[in-house]
Amino acid sequence: MTRLLLATALAAGLLGGCDSTAGPEPAAAATRHYGRIAFEPCTLATGVSAGNVQAYCARFEVPEDRSAPEGRKIALSLAWLPATDEGSATDDPVFFFAGGPGQSALKTWPQVDPAFAQVRKQRHVILVDQRGTGGSNPLECAPPEGADATAGGADPAVLAAFAARCAAEVADRADPRFYTTADAVADVEAVREAIGAAKIDLVGVSYGTRVAQQYAGAHPQAVRSLVLDGVAPNDLVVGGEFAHTFEDALKLQSEHCRQLPSCAARFPQDARTQLAGLVERLRQAPAEVEYRDPSSAQSRRGTVSADTVTGLAFMFSYMPQTASLLPLVLDEASQGRYAPLLSLHDLMGRNMGGSMARGMQWSVICAEDADRYQENEAAAGTLLGPEVARMFFAACPSWPHGGRAEGFTTPLRSEVPALLLSGELDPVTPPRYGEQVAQGLANGRHLVLKGQGHGNLGSGCMPRLVAQFLESADAKALDAACLDTLAYVPPFTSFNGWEP
């Protein structure tokens, strides 16, 4: 189940898979100050795309334990992207919160920067690597030899042992009890005060929507507007509903397929039935396969198991472009041709490998979610089964963790202008989550994007709408008719593509 956990570790993370660097360039004379913080020129670059982003980076010290301010300090990694038209820049910068929990804002930014091109014309952007991620005292450890780098093993006992060893390894530089969402919110507030911004705009993606909501609840006077993409309600048990939300997404995908004559003819079985049959076959007899390495094109041999298939299906369901490949890949595998499936599985795993700080993720979910999880008997009948949640929380008995602040799970009630985005086919943060949160936001508006998956800041005309919203702080006045051009991405009927 190691690769399955690679997907679940995203915990609705849109931006998994960036292998980025953020390092100051030797240009001390170009030091710039934003409030009290001195920034140096740096480049935010990613290893999975050709683009890079010029920025200014800084280190900002905060107490690890705010109840002991004279105790150990940790340095947060920050980046500042100045407005491209600085002469007309506004006083309210945008703070961007990445997903996970466990992703680095600095490392994921190069992938989302194009979606903020219009926003950045008149607004500065501030990135804060959440404590425990990226360059902010990351809580990471090398997994046991031969185990998956993200999951640490396929057995709960192995994962718990890995967590115990990791806790011992980081003990000299970190106390994992103080790496929760509440601690991150306090860090963001400290950065806001240091740069001298009276109000800030918050943009959160996936788990980052939890950070944004918690900040808006704790510091309402400091929030000008709120953008939530892939919404996670405050009372959601992260990881606890994946088995069901994935099934719902598969059902919707199949319903769309049946509405297209070419798709219905090519794939008479719905995706769920097809996947279930393949999983059962492989559970009885995993298959040894020769396949092409997706990076080198060299011939390799590997094993396709039931977990390989469910893991790939779950990962593919995040985006419509990859979801469109799923019926064809499953159909090929059902006929005993597993090579494409295993190649794609390896490619997805490599692209997302290393994108999560597992220790920080444990610090968050063990403090905020694990004790609230109650196993649903209905999960036994799903493709992912109850094991996905059990494994998600398996490290918690061994990982030192804090607890939730009072009122942590209380829904956000606010007058702050808010724009909420959901993908119709999102397998981890479905539209009903966005509707739930929108009920408490009097000046909020929830947009559901047709045929889309998890994370939609860059979909269609969404970048323009987000820029207009941040300019006007009036979500209800937006003309969102341009989103009507978005549609379901048809499944490939062959490896040459889909039929016109």
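Position numbers for residues count from 1 along each chain, tracking the sequence in the order it is written. Totals for whole chains, interfaces and linings use all residues, but because this is a predicted model, local features are given only for residues with pLDDT of at least 70 and pairs of side-chain atoms are given and counted only at 80 or more. In computing side-chain values, all of the structure's heavy atoms are included and hydrogens and water are not.

(A) Here's a closer look at the pattern of salt bridges. Whenever Lys or Arg places a side-chain nitrogen within 4 Å of a carboxyl oxygen from Asp or Glu, that contact is recorded as a salt bridge. Within this structure, the stated rule accounts for 24 salt bridges. Across the salt bridge formed by Glu189 and Arg192, the nearest N and O atoms sit 2.7 Å from each other. With Glu189 and Arg192 both in helix α4 (residues 181–195), this residue pair falls three residues apart, about one helical turn. Linking Arg404 and Asp371 is a salt bridge whose minimum nitrogen-to-oxygen distance equals 2.6 Å. Within this pair, whereas Arg404 is found in the loop between α14 (387–392) and β12 (418–423), its partner Asp371 is found in the loop between α13 (358–368) and α14, the two being separated by 33 residues in sequence. For Arg404, a relative accessible area of 32% gives the class partly exposed. Within this structure, Asp92, Arg123, Asp201 and Arg224 form a network of salt bridges that share partners. By definition, any uninterrupted DSSP run of H or I lasting at least four residues is a helix, any uninterrupted run of E lasting at least two residues is a strand, and each is numbered from the N terminus. For every residue, the accessible area (1.4 Å probe, protein chains only) is compared with the maximum for its type, and the residue is labelled buried under 20%, exposed over 50%, or partly exposed between those bounds.

(B) Spatial organisation of helix α5 (residues 207–218). Helix span, expected: 1.5 Å multiplied by one less than the number of residues in the helix. The end-to-end C-alpha separation of α5 is 17 Å, in line with the 16 Å expected for twelve residues at 1.5 Å each. Across the twelve residues that make up α5, a large majority, ten, are buried. Residues of α5 that are buried include every one of Tyr207, Gly208, Thr209, Arg210, Val211, Ala212, Gln213, Gln214, Tyr215 and Ala216, and no others. The contact criterion used throughout is that any non-hydrogen atoms of two residues lie within 4.5 Å. In this structure, the buried residues of α5 make contact with β6 (94–97), α4, β8 (200–205), β9 (223–229), α13 and α15 (431–438).

(C) A look at the confidence of the model for the protein chain. One number per residue, pLDDT, summarises how confident the predictor is, and it ranges from 0 to 100. Mean pLDDT over the protein chain stands at 89; residues scoring 70 or higher make up 90%. Per-residue pLDDT stays below 50 along residues 1–28; that stretch engages in 121 contacts with residues further than four places along the chain or on separate chains.

(D) Layout of the packing of aromatic side chains. Paired rings are identified among Phe, Tyr and Trp, the last through its six-membered ring, by centres lying within 6.5 Å, and are further divided according to the angle between planes into stacked (under 30 degrees), edge-to-face (over 60) and tilted (the rest). Counted according to the given criterion, the structure contains 14 aromatic pairs. Three or more aromatic residues link up through ring pairs in this structure, and these residues are Phe242, Phe246, Phe314, Tyr318, Tyr373, Phe392 and Phe393. Taking NZ or CZ as reference, Arg32 lies 5.3 Å from the ring centre of Tyr56, over its face. Above the ring of Tyr179, the side-chain terminus of Arg131 is found at 5.6 Å from the ring centroid. For a ring to carry a charge above it, either NZ of a lysine or CZ of an arginine must fall within 6 Å of the ring centroid while also lying within 35 degrees of the normal to the ring plane.

(E) Looking closely at the environment of Leu341. In this fold, Leu341 is placed in helix α12 (residues 339–352). Residue Leu341 is classed as buried on the basis of its relative accessible area, which comes to 1%. Spatially, the C-alpha atom of Leu341 lies 28 Å from that of Leu486, the residues being 145 residues apart in sequence. Not counting residues up to four positions away in its chain, the partners in contact with Leu341 are Leu278, Val304, Thr308, Val309, Leu312, Val329 and Ala333.

(F) Quick peek at the pairing of strand β10 (residues 287–292). Burial of β10 is one-sided: the residues Ala287, Val289 and Tyr291 facing one way are buried, the residues Glu288, Glu290 and Arg292 facing the other way are not. A pair of strands is considered paired only if DSSP assigns at least 2 bridges between the two. Where β10 meets strand β11 (residues 299–304), six bridges bridge the pair, whose relative direction is antiparallel. Residue Val289 lies in a different strand from β11, and its bridge partner there is Gly302. Between β10 and the antiparallel strand that follows it, β11, lie six residues; Ala297 among them carries a positive phi value of about 70°.

(G) Expanded view of α15. Taken as a whole, α15 has its buried residues at Pro431, Tyr433, Gly434, Val437 and Ala438. Viewed along the axis of α15, the buried residues span an arc of 155°, placing them on a single side of the element. Close packing links the buried residues of α15 with α5, β9, α6 (242–258), β12 and β13 (444–449). Regarding the arc, it is the one traced by the directions from the helix axis to the C-beta atoms.

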